[in-house]
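Structural characterization, general
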Amino acid sequence: MAKGYWVSVYPAISDPERLTAYDKLAGPAVQAGGGRVLSRIPSRGGRVVPHEAGITQRVVLIEFDSFEQAVAAYESEAYQKALVALPDGFERDFRIIEGID
């Protein structure tokens, strides 16, 4: 079974401190849904070398055991509550993708 991944890219973050409420709710919701954070750049000392149209803003990669599990975690009540806490004015490109077997 192919794994599932959440990929979040934040092209513009005007006030990173405002993400705190979202982060506090999203982290436990992701864990409860079986997700594992593989990378959170640029925080936690991660490095970025952008190429082409790449950006150095926040990028988060989360792995799930299956694509279906990734979709279910996004649709969960806990994660939907986290989305409500995502502040206005943040631009985010979010995708759920299926891994290659």
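So, here is what we can say about the structure in this document. Just so we're clear, the structure is a prediction, and the values are computed from it rather than from any experiment.

A few words now on the overall build of the protein. A tally of helices and strands in the protein yields three helices and four strands. Mapped from its N terminus to its C terminus, the protein presents α and β elements in the order β-α-β-β-α-α-β. Expected size for 101 residues packed as a compact globule is a radius of gyration near 13 Å; at 14 Å, the protein falls within 12% of this value. Principal-axis analysis of the C-alpha atoms gives the protein an extent of 35 × 30 × 20 Å. Put simply, the protein has 101 residues, and 31% of those count as buried. Within the protein, contacts between residues at least 6 apart in sequence are counted, and of these 80% link residues at least 24 apart. Working note: accessible area of the protein is about 6400 Å², and carbon and sulfur atoms make up 53% of it. When the 11 positive and 14 negative side-chain charges of the protein are each reduced to one mean point, those points stand 7 Å apart.

Per the counting criterion, the structure on display carries seven aromatic pairs. Ring pairing ties together the aromatic residues Trp-6, Tyr-22, Phe-64, Tyr-74, Tyr-79 and Phe-94, which thus form one cluster. Lying across the ring of Tyr-10, Arg-58 places its NZ or CZ 5.0 Å from the centre.

A separate point is the environment of Val-84. Position of Val-84 relative to the elements: it lies in helix 3 (residues 77-85). You can call Val-84 exposed: its relative accessible area is 72%. Along the primary structure Val-84 and Ala-21 are separated by 63 residues, whereas in three dimensions their C-alpha atoms are 9.7 Å apart.

Another aspect to go through is the nonpolar core. Counting 19 residues, the largest nonpolar core has Trp-6, Leu-19, Tyr-22, Ile-62, Phe-64 and Tyr-79 as its most contacted members. Of all the elements in the fold, those that place two or more residues in this core are strand 1 (4-12), helix 1 (20-32), strand 3 (59-64), helix 2 (67-75) and helix 3. It is helix 1 that provides the largest number of residues to this core, a total of four residues. Sequence-distant contacts of Trp-6, defined by excluding residues within four places in its chain, comprise Val-30, Val-60, Leu-61, Ile-62, Phe-64, Ala-70, Ala-73, Tyr-74, Tyr-79, Phe-94, Arg-95 and Ile-96.

Where helix 2 meets helix 3, the closest approach of the two axes is 5 Å, and the angle between their N-to-C directions is 55°. One element, helix 2, and the other, helix 3, form an angle in the oblique class. Two secondary-structure elements touch here, helix 2 through Ala-73, Tyr-74 and Glu-75 and helix 3 through Glu-77, Tyr-79, Gln-80 and Leu-83. Its residues placed into classes, the contact of helix 2 with helix 3 shows four nonpolar, one polar and two charged.

Note: most peptide bonds trans; most residues except glycine with negative phi. Not every positive phi belongs to a glycine, and Glu-52 is a case in point at roughly 55°. Relative accessible area serves as the criterion here: at 85%, Glu-52 is assigned to the exposed category.

On the basis of which strands lie adjacent, the open sheet formed by four strands has the order 2-3-1-4 and antiparallel pairing. A single partner strand is all that each edge strand has here, and the edge strands are strand 2 (36-41) and strand 4 (91-98). On average, adjacent strands in this sheet sit at an angle of 15° to one another, irrespective of strand direction. The sheet strands contacting helix 2 are strand 1, strand 3 and strand 4, and the helix crosses strand 4 at an angle near 145°.

Reading the values: rules and limits
- Residues numbered from 1 in each chain as written.
- Predicted model: local features only at pLDDT ≥ 70, side-chain atom pairs only at ≥ 80, totals over all residues.
- Heavy atoms only, no water.
- Helix = DSSP H or I, 4+ residues; strand = E, 2+ residues; numbered from the N terminus.
- Rg over C-alpha atoms; globule rule 2.2 N^0.38 Å.
- Buried < 20%, exposed > 50% of the residue type's maximum accessible area, 1.4 Å probe, protein only.
- Contact = heavy atoms within 4.5 Å.
- Areas by Shrake-Rupley, 256 points an atom, 1.4 Å probe, with all protein chains shown as cover.
- Lys, Arg positive; Asp, Glu negative; His and termini not counted.
- Charge placed at Lys NZ, Arg CZ, Asp CG, Glu CD.
- Phe/Tyr/Trp six-rings, centres within 6.5 Å; stacked < 30°, edge-to-face > 60°.
- Lys NZ or Arg CZ within 6 Å of the ring centre and 35° of its normal.
- Core = buried A, V, L, I, M, F, W, Y, C linked by side-chain atoms within 4.5 Å.
- Axes fitted to C-alpha atoms, helices over the stretch in contact; angles between N-to-C directions.
- Parallel < 35°, antiparallel > 145°, perpendicular 65-115°, else oblique.
- Nonpolar A, V, L, I, M, F, W, Y, C, P; charged D, E, K, R; others polar.
- Pairing = 2+ DSSP bridges.

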